[in-house]
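A look at the structure
Chain residues, written in single-letter form:
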Amino acid sequence: LELYYDRGNHHEFVSLVKDLARPGEFTQSQTFDFEFTHVEKPYESYTGQNVKLRYFLRATVSRRLNDVVKEMDIVVHTLSTYPELNSSIKMEVGIEDCLHIEFEYNKSKYHLKDVIVGKIYFLLVRIKIKHMEIDIIKRETTGTGPNVYHENDTIAKYEIMDGAPVRGESIPIRLFLAGYELTPTMRDINKKFSVRYYLNLVLIDEEERRYFKQQEVVLWRKGDIVRKSMSHQAAIAAQRFEGTSSHPEAKTPSQPPENNGRQ
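Residues numbered from 1 in each chain as written. Predicted model: local features only at pLDDT ≥ 70, side-chain atom pairs only at ≥ 80, totals over all residues. Heavy atoms only, no water.

A look at the overall build of the protein chain
Worth spelling out the cut-off: Helix numbers and strand numbers start at the N terminus; a helix is a DSSP run of H or I with at least 4 residues, a strand a run of E with at least 2. Only protein chains enter the accessibility calculation, which uses a 1.4 Å probe. A residue is then buried if its area is under 20% of the maximum for its type, exposed if over 50%, and partly exposed in between. Any pair of residues with heavy atoms lying within 4.5 Å of one another is described as a contacting pair. Accessible surface is estimated by sampling points in the Shrake-Rupley manner with a 1.4 Å probe; for residues, cover comes only from the protein chains shown.
The helix and strand inventory of the protein chain stands at one helix and 15 strands. Put simply, the protein chain has 263 residues, and 30% of those count as buried. Put simply, 60% of the contacts in the protein chain that link residues at least 6 apart link residues at least 24 apart. Carbon and sulfur atoms form 48% of the exposed surface of the protein chain, whose accessible area is close to 18900 Å².

Shown next, in the form of structure tokens:
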């Protein structure tokens, strides 16, 4: 785990070492087998603006003068199950006697390939709104105590309305997350950093003034790999079944006799 503002220090949270060869001389090419079984990988790989969490294999050949070191990075994804409690988000916001809106998002937790569905309802409009957009903002927090750094990155800007709304108008929202580079929400990883996501509803009036309201949402990674492996096993099973059913002695009842159609 590397913090960019503290480049001299690397924080290890997983470390396993295996000796592959005894001291001696290499006179020809050799291959060494190794295996790390049941390794705890508690966090997802992540590269941000101020922090980098990486897993890697490091091979070291110790020599008298200097060591030969080679590293190979490994990407780790943390898969989650579908959250049982996933309530919608409803809120009323506005400016007194100028603007009053009600917005709703269908869920508060979304997987990385999900679709955000919602609507904006205008209860009062007394300012000249030019257009409205919804932004996805990633907030990366590193450090502790007085040395806390916040970095906001706008991942997406999606226009959901162009033109002035009227009272009683309802604007639908449908935002597909699959097209953006997102990571799951991370909270207090190794007590070093956090990554949170916010939906930012922005209204811009004709004088370029911006009115916005942020709402945090939780992102998680769906277990697609599990589904793929299950479908792969099903395909193998189907091939085996087809292989047994195509035996020369096996005939289906609907198969016509060989002389069918002959005169």
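Quick look at the layout of surface pockets
So the rule is basically this: Using a 1 Å grid laid over the protein atoms alone, points where a 1.4 Å probe fits but cannot get out form a cavity; open sets with protein on both sides within 12 Å along at least 5 of 7 lines form a pocket; any residue with an atom within 4 Å of a point counts as lining. Grid points are joined across faces, edges and corners, and a volume is the space filled by probe spheres set on the points. Residue polarity is assigned by list, with Asp, Glu, Lys and Arg as charged and Ala, Val, Leu, Ile, Met, Phe, Trp, Tyr, Cys and Pro as nonpolar; anything else, Gly included, falls into the polar class.
Approximately 1700 Å³ is the volume attributed to the largest pocket. Taken together, 39 residues make up the lining of the largest pocket; nearest its centre are L16, L57, R58, A59 and T60. Within the residue set of the lining of the largest pocket, elements represented by two or more residues are β4 (55–61) and β5 (68–74). It is β4 that provides the largest number of residues to the lining of the largest pocket, a total of seven residues. Taken together, the residues of the lining of the largest pocket sort by class into 20 nonpolar, seven polar and twelve charged. As a volume, the second largest pocket reaches approximately 370 Å³. Contributing to the lining of the second largest pocket are 20 residues, with S45, Y46, T47, G48 and T183 lying nearest its centre.

Describing the side chain of T142
Its location among the elements puts T142 in strand β10 (residues 129–142). Once residues within four sequence positions are removed from consideration, T142 is found in contact with L3, Y5, N50, V51, N147, V148, Y149, K192 and F193.

Details of the packing of aromatic side chains
Quick reminder of the rule: Here a Phe, Tyr or Trp ring, Trp counted by its six-membered ring, pairs with any other such ring whose centre lies within 6.5 Å, and the pair is stacked when the planes are under 30 degrees apart, edge-to-face when over 60, and tilted otherwise.
Applying the stated criterion across every chain, the model contains five aromatic pairs. Pairing F13 with Y55 gives two aromatic rings, centres 5.5 Å apart and planes at 90°, and the pair type is edge-to-face. Taken together, the residues F13 in the loop between β1 (2–3) and β2 (46–47) and Y55 in strand β4 connect sequence positions 42 residues apart. According to the relative accessible area criterion, F13 is partly exposed, its value standing at 23%. Taking the relative accessible area as the measure of exposure, Y55 reaches 9% and is therefore buried. Among the aromatic residues, those joined into a ring-pair cluster are F13, Y43 and Y55.

Distances and angles like these do not, on their own, reveal function.
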